[in-house]
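# What the coordinates show
Read off the chains here:
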Amino acid sequence: MRKVAVVGTGHTDFAAESPKTEIEMFCEAATEAMAECETGPEKIQALYCGNVFGDFAEGQGMIQSYIANELGMHNIPATRFEGACASATLAIRDAFMWVASGFYDIVLVGGTEKATAMGTPLATRTFAMGTDAKYEFAAGLTFPGFFALLTHLYAHTYGVSMERLREQMSLVSVQSHFYGTKNPHAQFKHKEITVDQVSNGFMVASPLRLLDCCPFSDGAAALVLASEDAAKKLTAKPVYITGSGQASSPRLSAQAPYLPRLRAREISAKQAYDMAGIGPADIDICELHDCFSIASIIAAENLGFAENGTAGQLWEKGKTKINGKIPINISGGLKAKGHPIGATGASQACEIVRQLRGDLADSGRQVDRAKTGLVDTLGGDGIIANLVLQAGW
């Protein structure tokens, strides 16, 4: 396989009630990504787009072909990916493989979503379509309920008191909001919070409170991928995708032998690590899927950053901060940056690329000497995708 680099990145603001359409937001991010590497639409050979709810939010299917047309990429192959929250990461993984295979040299990939257009009741219902419709949703389970159950199971399985776990979860949210205030694209860029505010907030699904939960968001992100030879002509700082992994799971109830571990994440992460020839200790920065505060703790263990039942201590000891052992979600994560479901994975990848290029010093969130980063995206209760990215200069 050929080496594949990210040569351009683009990112819209993440917000509620954006006046722009999903197509317009993707085009905004894509235009930025192409301008960053001085690549025109005539050089793009294929387009890959993560999008989940365009048909519900805007009554708009076939979003990918209209994006290509609006960008002036007439008649190129354009493909939409749907894997719940992991949609854009799946799109990146697929785009990577097409370039690595030698079939294309330069492609555009990203994601876009307008989740807040649906309003909370419909958004909650449609998000639940990422669970099993016949048994799980029929039992009244939505994602806050799932992760609330995982929180109780985690405390029971690993002998962590709910009081201590509750404190650790609050620290996760507090850290995310702190870094979110430094991210100009973040949905909550003006909102720092305290442990007391998280721990004593409105109860959503016991023991998860409002500030344990990520928001619905609108936004888009995009990347230009290129073969190694093409990349040398487009950027002085290529960031290579050196590892990728993907695995799937059955409905949550069928995962009982492993829970609260998510076995699919462990498999996917190992695939990405092995492909890159590295291990968890080699990761300098990670963007992981923190849809809920407990999800961060579980993910950190699945990814190999801590033993099972101990990841909360990473936040207690400050090891996940910008100068810590394993900086996590220095973008603000889904919790504070926002979660436009079809765009989330592309946003995570953009953040890692910009960290590895050293672009974020002016915002006060540059991880010193970061050379290797990990993207972790969870789609529903059944799809995990991971990417390892490494600086190439």
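Residues numbered from 1 in each chain as written. Predicted model: local features only at pLDDT ≥ 70, side-chain atom pairs only at ≥ 80, totals over all residues. Heavy atoms only, no water.

What follows is about unusual backbone geometry. Each neighbour pair has its own omega, and for Ser206 with Pro207 the value is 5 degrees, a cis peptide bond. Of note, Pro207 is situated in the loop between strand 5 (203-205) and strand 6 (208-209). Here the amide bond leading from Leu259 into Pro260 is cis, since omega sits at 10 degrees, within 30 degrees of zero. Structurally, Pro260 can be placed in the loop between strand 8 (239-248) and helix 10 (263-276). Phi at Glu38 takes a positive value of approximately 50 degrees, unusual for a residue other than glycine. A residue is classified by how much of its surface remains accessible, and Glu38, at 70% relative accessible area, is exposed. Positioned with a positive phi, Arg369 is a non-glycine residue whose angle comes to about 55 degrees. The exposure class assigned to Arg369 is exposed, which follows from its relative accessible area of 66%. (Helix = DSSP H or I, 4+ residues; strand = E, 2+ residues; numbered from the N terminus. Buried < 20%, exposed > 50% of the residue type's maximum accessible area, 1.4 Å probe, protein only.)

By size, the foremost hydrophobic cluster in this structure holds 49 residues, and its most contacted members are Phe147, Tyr273, Cys286, Ile294, Ile297 and Phe305. Looking at this core, the elements with two or more residues in it are helix 6 (143-158), helix 7 (162-180), helix 10, helix 11 (293-302), helix 12 (312-316), strand 10 (372-379) and strand 11 (383-391). With residues up to four places along the chain from it excluded, the contact list for Cys286 reads Leu303, Phe305, Ile326, Pro327, Ile328, Asn329, Ile352 and Leu374. Among the nonpolar cores identified, the runner-up in size contains 38 residues, and Ile92, Tyr104, Val239 and Ala391 belong to it. (Core = buried A, V, L, I, M, F, W, Y, C linked by side-chain atoms within 4.5 Å. Contact = heavy atoms within 4.5 Å.)

By the element assignment, Ser18 lies in the loop between strand 1 (4-11) and helix 1 (22-36). Setting aside chain neighbours within four positions, we find Ser18 in contact with Met25, Lys114, Thr116 and Asp218.

Now for the packing of aromatic side chains. Enumeration over the complete set of coordinates arrives at 11 aromatic pairs. On the numbers, 4.9 Å between centres and 65 degrees between planes, the contact of Phe127 with Phe216 is edge-to-face. Residue Phe127 is located in helix 5 (residues 119-127), and its partner Phe216 is located in the loop between strand 6 and strand 7 (218-227); the two are separated by 89 residues in the primary sequence. Looking at Phe216, the relative accessible area reads 24%, which means it is partly exposed. Here the guanidinium or amino end of Arg125 rests over the ring plane of Phe137, the centre of that ring lying 3.7 Å away. (Phe/Tyr/Trp six-rings, centres within 6.5 Å; stacked < 30°, edge-to-face > 60°. Lys NZ or Arg CZ within 6 Å of the ring centre and 35° of its normal.)

Let's shift gears to a nonpolar patch on the surface. A surface patch of nonpolar side chains, amounting to about 260 Å² of accessible area, comprises Phe56, Leu122 and Met129. We classify Phe56 as partly exposed; its relative accessible area is 41%. (Patch = residues over 30% accessible without salt bridge, like charges linked within 9 Å, V, L, I, M, F, W, Y side chains within 5 Å. Areas by Shrake-Rupley, 256 points an atom, 1.4 Å probe, with all protein chains shown as cover. Salt bridge = Lys/Arg side-chain N within 4 Å of Asp/Glu carboxyl O.)

Read across the open sheet, the 9 strands follow the order 3-2-4-7-1-8-11-10-9; overall the sheet is mixed. Looking at the sheet topology across the chains shown, the edges are occupied by strand 3 (78-81) and strand 9 (285-287). Between one strand axis and the next, the sheet turns by 25 degrees as a mean value, whatever way the strands run. In terms of strand pairing, strand 8 meets strand 11 through 9 bridges, oriented antiparallel. Of the residues in strand 11, the one forming a bridge with Val239 is Ala391. (Pairing = 2+ DSSP bridges. Axes fitted to C-alpha atoms, helices over the stretch in contact; angles between N-to-C directions.)

The next thing to look at is the packing of helix 4 (residues 87-100) against helix 14 (residues 344-357). One can describe the packing of helix 4 onto helix 14 by two numbers: an axis separation of 5 Å at closest approach and a directional angle of 65 degrees. Contact residues: Ala88, Thr89 and Ile92 in helix 4; Gly345, Ala346, Gln348 and Ala349 in helix 14. By residue class, the composition of the contact of helix 4 with helix 14 is 4 nonpolar, 3 polar and no charged. (Nonpolar A, V, L, I, M, F, W, Y, C, P; charged D, E, K, R; others polar.)

All right, on to the pairing of strand 10 then. Of all 8 residues making up strand 10, 8 are buried, and the element is well covered by its neighbours. With burial as the criterion, each face of strand 10 is covered, one bearing Thr372, Leu374, Asp376 and Leu378 and the other bearing Gly373, Val375, Thr377 and Gly379. Both strand 10 and strand 11 contribute to a ladder of 8 bridges, which runs antiparallel. For Thr372, the partnering residue across the bridge sits in strand 11 and is Gln390.

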